[in-house]
Amino acid sequence: MNQKLENQIISVAYGDAALTTKIKIYFLAKRNPDVKKLLNEYSATADKVRSLKKELLYNPVTRQTTLTESKSVIALITSHLLNKPALKYATGIALILLAAILFNTTRKPEYTEAEIKLAEQQIKQTLVFVGETFTKASRNLEKNIIPQKIGKPFSENAEIVKNLFRGENKNEKLN
């Protein structure tokens, strides 16, 4: 018997296995006496563990002995349900949807007529300011930047190239 099968038998005995694993182990126990014996032993141990109500536990971190309490019926049911992976995800999704529905407090904002007029006036002023800024930038680009920073060096370089093609070399530094 391999370790995986033994772990499945233990999880079935303690009630932690999935339904398909439980069915598989029960059918295997009917056909194989060793599996049945092992399942019965672990089931008996699991029953003894479940019957314990209170137990003293030693916590090595705090170095104290504490008394464990038995869980309530609701806690046992919740714990059993949440130990199933599919139910964990379904419960999580349900809680998220419930929170989204309950806490969705987006309301349409209500503005007064005066606030709307003020906002429109502010938008107009902003657009006028932006328009004036773009106009000034455009004029500055057309009158100063393009002629002085781009046009003048381009004209000088074009004149030099034209003179070189003609064979004239007025600038002796080029040779």
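Structural data are supplied above this passage.
With that settled, the discussion passes to the side chain of Q8. Examined against the element boundaries, Q8 turns out to sit in helix α1 (residues 3–14). On the basis of relative accessible area, Q8 is assigned to the buried category, the value being 15%. When neighbours within four sequence positions are excluded, Q8 is seen to be in contact with T21, K24 and I25.

The biggest cluster of nonpolar side chains holds ten residues, and these are L5, I9, V12, A13, A17, I25, A29, V35, L38 and L39. When residues of this core are traced back to their parent elements, those giving at least two are α1, α2 (19–31) and α3 (33–51). The biggest single contributor to this core is α1, with four residues. With residues near it in sequence (within four places) discarded, I25 still touches L5, Q8, I9, V12, V35 and L39.

Between α1 and α3, the least distance of the axes is 8 Å, while the angle of their chain directions is 40°. For the element pair α1 / α3, the angle class is oblique. Regarding α1 and α3, the two cross each other, and that crossing is right-handed. Along the contact surface, α1 presents L5, E6, I9, I10, V12, A13 and Y14, while α3 presents V35, L38, L39, Y42, S43, T45, A46, V49 and R50. Among the residues making up the contact of α1 with α3, the classes are represented as twelve nonpolar, two polar and two charged.

About the thresholds
Residues numbered from 1 in each chain as written. Predicted model: local features only at pLDDT ≥ 70, side-chain atom pairs only at ≥ 80, totals over all residues. Heavy atoms only, no water. Helix = DSSP H or I, 4+ residues; strand = E, 2+ residues; numbered from the N terminus. Buried < 20%, exposed > 50% of the residue type's maximum accessible area, 1.4 Å probe, protein only. Contact = heavy atoms within 4.5 Å. Core = buried A, V, L, I, M, F, W, Y, C linked by side-chain atoms within 4.5 Å. Axes fitted to C-alpha atoms, helices over the stretch in contact; angles between N-to-C directions. Parallel < 35°, antiparallel > 145°, perpendicular 65-115°, else oblique. Left-handed = near helix turned anticlockwise from the far one by under 90°. Nonpolar A, V, L, I, M, F, W, Y, C, P; charged D, E, K, R; others polar.

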